[in-house]
Structure formats: C-alpha cells, structure tokens
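Below, each chain spelled out in residue letters.
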Amino acid sequence: RAMSVDSPKAFRSPRPEPVLAFLLIALWLGMASVSEDFRNPQNFPDMTRYFAETGLIALAMTLVIITGGIDLSVGSMVALSAVCLGLVWQRLGLSIGAAAGVGVLAGTLAGFVNGALVVGLRIPPLIVTLGTMAAYRGLAMGLTQGQSVSGFPAAFEVFGKGRYELFSGYTLPGQLVYLLGLA
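Residues numbered from 1 in each chain as written. Predicted model: local features only at pLDDT ≥ 70, side-chain atom pairs only at ≥ 80, totals over all residues. Heavy atoms only, no water.

A. Fine view of the pattern of salt bridges. Applying the stated criterion across every chain, the model contains 3 salt bridges. For E17, the salt bridge is made with R15, and the minimal N-O distance between the two is 3.3 Å. Judged by relative accessible area, which is 58%, R15 ranks as exposed. A salt bridge links R163 to D46; its shortest N-O distance comes to 2.5 Å. (Salt bridge = Lys/Arg side-chain N within 4 Å of Asp/Glu carboxyl O. Buried < 20%, exposed > 50% of the residue type's maximum accessible area, 1.4 Å probe, protein only.)

B. Geometry of the packing of aromatic side chains. Within the structure shown, the criterion is met by 7 aromatic pairs. Between F159 and Y178, the ring centres sit 6.1 Å apart and the planes meet at 50°, which makes this aromatic pair tilted. With F159 in helix α8 (residues 154–161) and Y178 in helix α9 (residues 174–182), this residue pair connects regions lying 19 residues apart in the sequence. Y178 gets classed as partly exposed once you look at its relative accessible area, which sits at 26%. Within the aromatic cluster, the residues linked to one another by ring pairs are W89, F152, F156, F159 and Y178. (Phe/Tyr/Trp six-rings, centres within 6.5 Å; stacked < 30°, edge-to-face > 60°. Helix = DSSP H or I, 4+ residues; strand = E, 2+ residues; numbered from the N terminus.)

C. Inspection of helix α7 (residues 125–144) at higher detail. Over its 20 residues, α7 runs 28 Å from end to end, which matches the ideal 28 Å to within 8%, given 1.5 Å per residue. Among all positions of α7, only V128, T129, T132, Y136, A140 and T144 are buried. Buried residues of α7 fall within an arc of 100° about the axis and therefore sit on the same side. In α7, the exposed positions that point more than 90 degrees away from the buried face belong to I127, A134 and M141. Of the residues one or two after α7, Q145 is the one with positive phi, at around 55°. (Expected span 1.5 Å × (residues − 1). Arc of directions from axis to C-beta.)

D. Spatial organisation of the packing of helix α5 (residues 74–92) against α7. α7 packs onto α5 with a crossing angle of 20° between their chain directions and a minimal axis gap of 8 Å. As far as their axial angle goes, α7 and α5 are roughly parallel. As for how α5 packs across α7, the hand of that crossing is left-handed. Residues G75, S76, M77, A79, L80, V83, L87 and R91 of α5 form the contact with α7, whose participating residues are M133, Y136, R137, L139, A140, L143 and T144. (Axes fitted to C-alpha atoms, helices over the stretch in contact; angles between N-to-C directions. Parallel < 35°, antiparallel > 145°, perpendicular 65-115°, else oblique. Left-handed = near helix turned anticlockwise from the far one by under 90°. Contact = heavy atoms within 4.5 Å.)

Read these as spatial facts, not as claims about activity.
Laid out in structure tokens, this is it:
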C-alpha cells in the first residue's frame, strides 16, 4: 500500500532527547579537541559551580511547568531575595541566619504576589511574571543603588564557595552536593 505525502507517518521529526544527546556529545568532543584544560578531570566538577544555582531554581520551576504554568520572574525574585538578605544583614545587623530568613520571606511574598495576580485577578501567568520580573529586578537594583553587598561571614560563604575533598586532590563544589541532594 502506497503512503501519501500527507500521511502523518510519511515524515516524523526525531525525538528531541537523542538529538540533544548527540549535540551534547559533539560539543564535548569539540571542546576537548580545542582545550587540554577542558579534558582535565577536575574541570568537570568545577564547571558545576556555574550551573548549580540555575539547577536549584530549575528544580522548583519544574513543579510550575508540570502544572501548566510559567514564571519568568524567578531570576528577579532570587535577586530580590539575595538583596534583602544582604541588606538586612549589613545595615540592620541581624544574624546571618535571621537575614537568610528575611530573604526567604521576601521571595515567598514575591511569589505570593505573582500567585494572587494570576489566581485572584485571573491575569495570564506570562503577563504577570513578565511585569513582576521587571518590578522585582528594579526593586533589587533600587534597594542596593547598584552596589554589591559583601563581607559575609566565612561560615555563610561556605554555601557558595565550599568544596568537599574526594580523593587524590580532587574536590567537589558544595553547590553540586546541595543540588544533587535536593534533586
């Protein structure tokens, strides 16, 4: 039996997973051929320092996406939460634990505002989070006047800079451990 061109079985696009796997392998091989440092085994865990925070945010965003929603403001909410943590610690002299609690509270309130606008006023999530993305980022920038907050206690900085010793001098960034534990 002949298959017509209009038949849905005539052409099927490939599944995205094998295509992405192929592209990832091709990219890895390309980078490995260009840079000897890229092939260094310690480079692989070191690279995780740069995507662990994004991975942590993606874990929470997975729940939003599974339920059919979208949140474009999540990066701005993280920035606002971090700014609140830093400013409360620096300017008000709260302990770093209490300041972290304020940061979590700020992120929770920002999420509540998003939810109230989407559910309460029935505004589409894309529109709400596009607007609050700009609002939260602007608020974070305004609160700090574009200046960074630094000088955190070493016990707090270990969350972002800590490393775990494995074997033979190889180390694992702390952020990767947190990401794997939460995943």
